[in-house]
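# Observations on chain architecture
The lines below spell out each chain.
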Amino acid sequence: MTIPSYLAVELAKIADSAGFAVYTIEQAPGSDHGDGFTATMLAVTLVDSVSDARLHLMCKLLPQVEDRFDSTETSSIFEHEVFVYNNVLPVFERFQSEKNVPVADRFTEYPKCYVAVNNVEQHVIIMENLKSFGYGLWDRTKPIEYETVCLFMRAVGKLHALSFALRDQEPELFNEIISQPKDNVITEDGNTFFFNMLDVVNSKAISLMDNDEHRQFLQNLRADCKKDLCRLMSPGSSPKFSVINHGDCWNNNMLYSNEGTSTPQKIKLLDWQDGRYASPALDISCYLMTSTNKQVRERYDELLTEYHSAFCQLTRQLGSDPDQLFSFDDLRNQMKESGKYGVHVAASFLEVLVSDPENIVNLDEITKESPQLPEFAVFDEKATQLFTQRLADVIDDAKRLGWV
């Protein structure tokens, strides 16, 4: 693609900061079809013409299709991600530094951001390209391993610890942060794309399920969808325990690095556009129900322990008392009160995760004039079998864990 003029200006600033007086630009697609839906990803490498030094960047741009069916909501969530990179993560970084938390113990599981701008003229986020450091997506065709899930549980435990500790010690600053992103509020009358997407996939799921009990469960879930999600996703839905969530926790938003071994050793969380102030259970339940399988979820108590241990360690290092702020019993109760969120959104993510990329719809081809929102993916026989089995497991596990 042709690099937009506003992006070229920002790249020039980054090149100058890196000491690249004269440089060339190499570019390539930043993601494969089916890996993401709300933005265009462009991998850019700045090459110094003198030293041949290279700076690997990932540029996130709004889709260039002006009449794309979800353009209004896409612009809104893009603005929210810019807010997170400019106003939330830097505060968390500063807070950990001031408290002298050892670097190895800090929450750093996100990419370095060079630029995050959203205005009338430009919509761009420029980050380090983690793929150049050996990070990659989990292979969706393989069951995820327990040890890899623990990477996520520990990372999100640290993320949530920052909200608890900052609210405890700097309440005015914390309240200022959570009061600003008004655009991410979910209402029954708004968020047409979001609710239509869920309704389409839930209708599809109901038609595919063979088990009468599972089918009836999904019919009830579909009927309660707007009411439940508006409650669960509302700002401060759980006042004492609400945190700044990542908001979109599934494996397509996580990059893993094996660090020279045969299994992932590090994780990075991407795509912060859906972050919101709500129960910690939203992040946990979304990931567990979309990105793990029944075998991993059988170790649910151990996974919660991994989360809470990481939460407690960082909270103490930040100078607050984790047992007073969010005990293990509090965590279990939050999962029972708000874990239903992960059940509501599971089908929409599973539809993508079980599908061959060539069978996933190109959303740029769906305009506001299209008669209706299509399915995100067209299932073949294999995808149908995987989808129905994994969704049945989600339903059974949600009942077993007391989330529904």
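Residues numbered from 1 in each chain as written. Predicted model: local features only at pLDDT ≥ 70, side-chain atom pairs only at ≥ 80, totals over all residues. Heavy atoms only, no water.

### Side note on the pairing of strand β8 (residues 254–257)
Under the convention used in this document: Type-normalised accessible area, obtained with a 1.4 Å probe on protein chains alone, sets the label of each residue: buried when under 20%, exposed when over 50%, and partly exposed for intermediate values. Counting from the N terminus, the helices are DSSP H or I runs at least four residues long and the strands are E runs at least two residues long. Here, strands pair whenever DSSP counts at least two bridges between them.
Burial along β8 is two-sided: the face carrying Met-254 and Tyr-256 and the face carrying Leu-255 and Ser-257 are both buried. Here strand β6 (residues 135–136) pairs with β8 via 2 bridges, running antiparallel. Residue Gly-136 lies in a different strand from β8, and its bridge partner there is Tyr-256. Pairing geometry for β8 and strand β9 (residues 266–269), over 4 bridges, is antiparallel. Within β9, the position partnered with Met-254 by the bridge is Leu-269.

### Quick word on the environment of Val-345
Put simply, the test is: By definition in these notes, contact holds between two residues if any of their heavy atoms fall within 4.5 Å.
Within the secondary structure layout, Val-345 lies in helix α12 (residues 340–353). Measuring from C-alpha to C-alpha, the distance between Val-345 and Met-197 comes to 10.0 Å, with 148 residues separating the pair along the chain. Those residues within four positions of Val-345 in sequence are excluded, and the remaining contacts are Leu-198, Cys-286 and Thr-290.

### Observations concerning the side chain of Asp-228
Mapped onto the elements, Asp-228 comes out in helix α6 (residues 212–232). For Asp-228, a relative accessible area of 3% translates into the label buried. Apart from residues no more than four positions distant in its own chain, Asp-228 is found in contact with Lys-340 and His-344.

### Brief notes about the pattern of salt bridges
What counts here: The salt bridge definition used is simple: a Lys or Arg side-chain nitrogen within 4 Å of an Asp or Glu carboxyl oxygen.
Tallied over the full model, the rule gives 21 salt bridges. Of the charged contacts, one joins Lys-399 and Glu-213 as a salt bridge, the two residues approaching to 3.0 Å between their closest N and O atoms. Separated by 186 residues along the polypeptide, Lys-399 in helix α13 (residues 381–400) and Glu-213 in helix α6 bring together distant segments of the chain. Through salt bridges with shared partners, a single network forms among Lys-294, Arg-297, Asp-397 and Arg-400.

### Some details on the pairing of strand β4 (residues 113–118)
Of the pairings in the sheet, the one linking β4 to strand β5 (residues 123–128) comprises 5 bridges and is antiparallel in character. In the strand pairing of β5, Val-115 is matched with Ile-126. The turn linking β4 back onto β5 is made up of 4 residues.

### Quick look at the state of the cysteines
For clarity, the cut-off: By definition, disulfides here are pairs of cysteine sulfur atoms that lie within 2.5 Å.
Counting across every chain of the model gives 0 disulfides. No disulfide involves Cys-113; its sulfur sits 11 Å from the nearest other cysteine sulfur, which is in Cys-59. By relative accessible area, Cys-113 is classed as partly exposed at 25%.

### Observations concerning the sheet that holds β9
Hydrogen bonds between backbone atoms are what pair the strands of a sheet, whose relative direction is either parallel or antiparallel. Across the sheet, which stays open at both edges, the 3 strands sit in the order β6-β8-β9 with antiparallel pairing between neighbours. The open sheet has two free edges, formed respectively by β6 and β9, since each of these has just one partner strand.

### Describing the environment of Leu-130
Secondary-structure assignment places Leu-130 in the loop between β5 and β6. For Leu-130, a relative accessible area of 4% translates into the label buried. Distance from Leu-130 to Leu-57, taken between C-alpha atoms, is 8.2 Å for residues 73 residues apart in sequence. In this structure Leu-130 touches Pro-111, Tyr-135, Leu-255, Lys-268 and Leu-270, once residues within four positions along its chain are discounted.

### A short note on the confidence of the model for the chain
Applicable threshold: What pLDDT conveys is the predictor's confidence in a given residue, as a value from 0 to 100.
The predicted model of the chain averages 91 in pLDDT, with 90% of residues at 70 or higher. When the criterion is pLDDT under 50, residues 68–72 qualifies, and its contacts beyond four places in sequence or with other chains add up to 19 contacts.

### Focus: the packing of helix α5 (residues 192–208) against α12
Heads up, the rule is: Throughout, an axis means a line fitted to C-alpha atoms (over the contacting stretch in the case of helices), and angles, computed between N-to-C directions, take values from 0 to 180 degrees. By the definition adopted for this analysis, an angle is roughly parallel if under 35 degrees, roughly antiparallel if over 145, roughly perpendicular if from 65 to 115, and oblique otherwise.
Contact geometry of α5 with α12 gives a least axis separation of 9 Å together with a crossing angle of 80 degrees. In terms of their interaxial angle, α5 and α12 are classed as roughly perpendicular. Contact residues: α5 offers Met-197, Leu-198, Val-201, Asn-202 and Lys-204, while α12 offers His-344, Val-345, Ala-347, Ser-348 and Glu-351.

### Focus on the environment of Glu-128
Basically, it comes down to this: Nitrogen and oxygen atoms within 3.5 Å of one another constitute a polar contact, given that in protein one can donate a hydrogen and the other can accept it, and given that sequence-neighbouring residues count only through two side-chain atoms.
Assignment of secondary structure puts Glu-128 in strand β5. Glu-128 sits in the buried class, given a relative accessible area of 17%. Taking C-alpha positions, Glu-128 is 6.1 Å from Pro-111, a pair spaced 17 residues apart along the chain. With residues near it in sequence (within four places) discarded, Glu-128 still touches His-56, Leu-57, Met-58, Tyr-110, Pro-111, Lys-112, Tyr-114 and Phe-133. There is a polar contact of 2.8 Å between the side chain of Glu-128 and the backbone nitrogen of Lys-112.

### A short note on helix α7 (residues 281–291)
Counting buried positions along α7 gives 11 out of 11 residues, so the element sits mostly inside the fold. Within the span of α7, buried status applies to Ala-281, Leu-282, Asp-283, Ile-284, Ser-285, Cys-286, Tyr-287, Leu-288, Met-289, Thr-290 and Ser-291.

### Some words on the sheet that holds strand β2 (residues 40–48)
Read across the open sheet, the 5 strands follow the order β1-β2-β3-β5-β4; overall the sheet is antiparallel. Both outer strands of the open sheet, β1 (23–29) and β4, are each paired with one neighbouring strand and no more. The sheet shows a mean angle of 25 degrees between the axes of neighbouring strands, taken without regard to direction. Running over the sheet, helix α1 (residues 5–17) touches β1, β2, β3 (54–61), β4 and β5 and is turned about 30 degrees from β5.

### Observations regarding unusual backbone geometry
Its identity as a non-glycine residue notwithstanding, Glu-259 has a phi of 50 degrees, on the positive side. One can find Glu-259 in the loop between β8 and β9. Classification of Glu-259 by relative accessible area gives partly exposed; the value is 42%. The backbone of Asp-271 shows a phi angle near 55 degrees, a positive value even though the residue is not glycine. Among the secondary structure elements, Asp-271 is positioned in the loop between β9 and β10 (277–278). Taking relative accessible area as the criterion, Asp-271 reaches 18% and is therefore assigned buried.

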